Amino acid sequence: MKRLAVAKFAHESNSFTPGETTEADFRAYGWHLGNEAPQRYAGTRTSMGAVLDFTAAHPDWQATFLTCASANPAGPVADAVYEKILGEILDGLRGQQWDAVYLCLHGAMLRASNPMADEEIIERVRKVIGRTPLGISYDLHGNLGEKQIKAATVAVGYKTHPHVDMYETTEKTLRLLTRAVDGKIRPVGALARVEALFPSVNMRTTGDGPMAEMEAIAQAAEKKYGVLDVTVFGGFPYADTPYAGGSIMVHADGDEALAQKVAREVADEMLRLAPKFQMELPTPDEAIRKALASPPGCAVVLENSDNPGSGGIGDTPGLFRALIDAEPDVPTAFAFFRDEAVVAEAHKAGVGAVLDITLGGKLSDLFGPPVAVKGRVTMLTDGRFKNVGPMSTHLEVSLGRTALLDVNGIKVILTEHCVSPNDPGFLLMHGIDPSKLRLLCVKAKNHIRAGILPYVKTMIDCDAPGPATIDMRNFRFRHLPQALMPN
Ligand SMILES: [Zn+2]
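So, a few notes on the structure that sits alongside this text.

Glancing now at the pairing of strand β3 (residues 61-70). With seven of ten residues buried, β3 lies mostly within the body of the structure. Strand direction decides the pairing type here: strand β1 (residues 2-10) and β3, joined by eight bridges, are parallel. By the bridge assignment, Ala5 is partnered in β3 with Thr64. Pairing between strand β2 (residues 31-32) and β3: two bridges, direction antiparallel. Each residue of the ladder has a partner; that of His32, found in β3, is Cys68.

With that settled, consider the nonpolar core. Here is a general trend for soluble globular proteins: nonpolar side chains tend to be buried in one another's company. Ranked by internal contacts, the top residues of the largest apolar core, which has 95 residues, are Tyr102, Ile248, Val250 and Ala263. A total of seven residues in this core trace back to one element, the largest contributor, which is helix α9 (residues 256-277). Core analysis: the next-biggest nonpolar cluster, separate from the first, contains 50 residues, Ala299, Ala403, Ile413 and Ile448 among them.

A few words on unusual backbone geometry. Cis geometry is adopted by the peptide bond preceding Pro162, which originates at His161 and carries an omega value of 5 degrees. Here the amide bond leading from Ala335 into Phe336 is cis, since omega sits at 15 degrees, within 30 degrees of zero. Relative to the assigned elements, Phe336 resides in strand β11 (residues 332-338). Residues other than glycine seldom take positive phi values, yet His394 does so here, at roughly 75 degrees. Structurally, the position occupied by His394 is in the loop between β14 (384-386) and β15 (396-398). In the Ramachandran plot, Asn408 falls in the positive-phi region, its phi being about 50 degrees despite a non-glycine side chain.

Looking at where Phe334 falls in the secondary structure, it is placed in strand β11. Here the alpha-carbon distance between Phe334 and Leu359, two residues 25 residues apart in the chain, equals 12 Å. Residues in contact with Phe334, not counting those within four places in the same chain, are Phe320, Leu323, Ile410, Val412 and Cys441.

So, on to the environment of Val188. Residue placement: Val188 occurs in strand β7 (residues 187-194). Taking the C-beta count within 10 Å as the criterion, Val188 has 22 such neighbours and is therefore assigned buried. Sequence separation between Val188 and Gln260 is 72 residues; the distance between their C-alpha atoms is 9.6 Å. Those residues in contact with Val188 that lie beyond four places of it in its chain are His251, Ala252, Gly254, Asp255, Glu256 and Ala259.

Further remarks concern helix α5 (residues 117-129). The end-to-end C-alpha distance of α5 is 19 Å, a good match for the 18 Å that 13 residues give at a rise of 1.5 Å each. What α5 keeps buried is the set Ala117, Asp118, Glu119, Ile121, Ile122 and Val125. Of the surrounding secondary structure, the elements contacted by the buried residues of α5 are β1, α4 (79-93), β4 (100-104), β5 (134-138) and α6 (146-151).

As a further point, take helix α3 (residues 47-57). Looking at α3, one finds that the buried residues are Ser47, Met48, Gly49, Ala50, Val51 and Phe54. Tucked inside the fold, the buried residues of α3 contact β1, α2 (36-41), β3, β4, β5 and α7 (166-181).

Another aspect to go through is the packing of α4 against α5. At their nearest, the axes of α4 and α5 sit 10 Å apart, and the two run at 25 degrees to each other. As summarised for this structure, α4 and α5 are arranged roughly parallel, according to the angle between their axes. As for the relative orientation of α4 and α5, their crossing is right-handed in sense. Residues Tyr82, Leu86, Leu90 and Leu93 of α4 form the contact with α5, whose own contacting residues are Ala117, Ile121, Arg124, Val125, Val128 and Ile129. Split into classes, the residues belonging to the contact of α4 with α5 amount to nine nonpolar, no polar and one charged.

With that out of the way, let us pick up the pairing of strand β8 (residues 229-233). Counted residue by residue, β8 has five buried out of five residues, so it is predominantly covered. The alternating pattern of β8 places Asp229, Thr231 and Phe233 on one face and Val230 and Val232 on the opposite face, and all of these are buried.

What the eight strands build is an open sheet, ordered β12-β13-β16-β17-β11-β18-β10-β19; its pairing is mixed. The outermost strands of the open sheet, each flanked by one partner alone, are β12 (354-359) and β19 (458-462). Within this sheet the neighbouring strands show an average axis-to-axis angle of 30 degrees, counted without direction. Here strand β10 (residues 299-303) pairs with β19 via five bridges, running parallel. Paired with Leu302 across the strands is Asp461, a residue of β19.

The rules behind the values
- Residues numbered from 1 in each chain as written.
- Predicted model: local features only at pLDDT ≥ 70, side-chain atom pairs only at ≥ 80, totals over all residues.
- Buried ≥ 20, exposed ≤ 12 C-beta atoms within 10 Å, placed from the backbone.
- Helix = DSSP H or I, 4+ residues; strand = E, 2+ residues; numbered from the N terminus.
- Pairing = 2+ DSSP bridges.
- Core = buried A, V, L, I, M, F, W, Y, C linked by C-beta atoms within 7 Å.
- Contact = placed C-beta atoms within 7 Å.
- Expected span 1.5 Å × (residues − 1).
- Axes fitted to C-alpha atoms, helices over the stretch in contact; angles between N-to-C directions.
- Parallel < 35°, antiparallel > 145°, perpendicular 65-115°, else oblique.
- Left-handed = near helix turned anticlockwise from the far one by under 90°.
- Nonpolar A, V, L, I, M, F, W, Y, C, P; charged D, E, K, R; others polar.

Here is the structure:
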C-alpha cells in the first residue's frame, strides 16, 4: 500500500481589499482536519472529491488527509493564521514516510509579510518531505514563480473559467504524480512569463474570447509536442506580487528543453493576444439602462468590481445606488449585501417588519457612502444550500443567516458571510427564480455564468468603485514589476 499525504491551503488574495484574511475567515469557509475533509467533499466535483474517487479507483494508494483550508478571496492572509495552517500541514507531514504528497493550492496567495506566499508553502513543505514526489494543483488565476515549478515534481492548473474542471485538474495531477512514483514518467517543468497584466473580467474560456483562444493554443501545443501538460495562467492582477501577470507552465516527460520551448512558444502567443484581453465596461446606470432595453427575458447586470470571488467585500454601494435611482418598474432582484447588523436586526424584528436602514458603504468608505432605504422583511433563512450548478456541484455552501428584504419593490438579499452568488441555489433558496425576473443585479463576475445562463437572456458587465475594479490605475502597487504597472 502506497501512502499519499493530501493537504489544501488555498487563497486568492487581493492587495486592495480592506483588511487581512483572518483565522475567522478560514474557519467560516472551510478548515478541515483529518477525516473532516472526506466527509465534506465526498461525492462533490471538487479537488478533494477527486482525491477520494482516485484512491477508491486505485486500491494500491491510500490517502491521508492533513489540513485542508481555504477562505473566500479577500485581503492578504494574516501572518498568524498562515503560520497556523502551514504549521498544521508541516506537523502532519513530519516524521512519516510518504510515497507522494499532493498539495491543493490556488497560486495567488499573499501573506501579510510575503507577497510570494505559495512559493513559501512549497519551499517549507519541501524541507520537511525531502525528495518525496510532490504534485500540486493550481487555479487558472495563479501568479507563479520559477522556484515553485522546480520544487514540485509535477503541477497542473485549471483549464476553464468558470472553473468547472477543479475535479479533472486534481485527477490529472494525481495521475501524473502516481505515474512518476511508479517510474513510468519523469516530469520536468518549465515556466514562461508573459509581461502583461490581464484583467480577470475578460478571461472566460467559454465563447470566443482571448482566453478561449489561449486554451485552444495550449491544448494544440500539448498534443503537437506530446508533453504531459500545458497550463495557461491568466494571473490574478489584484495580487500585488513580483509574479503577477500571465504565465505558461509546461511539464514534459524527461525533456526539460522541450518543456521550455513549448512554454515560450505558448507565452509568445499570449503576449500577442494581450491587447484583446483589455476592455472597457459601462457604469452601473449605463448598464441598467442597457439591461432594461434588452430583448425580453431576464437581464443580469454584474458588479464585477465587488465580486467576492475577486476579493470583493459585498459592501460597495455603486450598483445598488444606480438601481434605486433607476426605479425599475419590472420584477427585479439584487444579490447581495453582506451586512451582519441588518441581518441580525431583520431576524429580531421578524417577517413583515419594516426596517429603516442604510445598505452598502459600511465596511469601508473608500468606494462610496451608504444608501438609505426602507426595507420590509419578507424571508429569513439559515443561509445553507447545496450547489446545483456545474461549479463544485453538490457542495454545501453557508451564507451565514440571511434576510430577504423588499426595498421599493426590489428583492434584496442580505447575508452574514461574503459569498459570490455564483450558484443558482443562492437565489433559489430565497424563492427567487431568475427566469421570472426582468432585471437581476449581482455582485459577481464570470463564474456566475456557469450556472445562471439557462435562466437568463442577457449578461452585462459593469464597473464601479470597488476592490476588483477593472480600472487599476488608482491602486498603489509596491511589488509589481515596473513593466506591468497600469497607466
Ligand atoms: Zn480562479
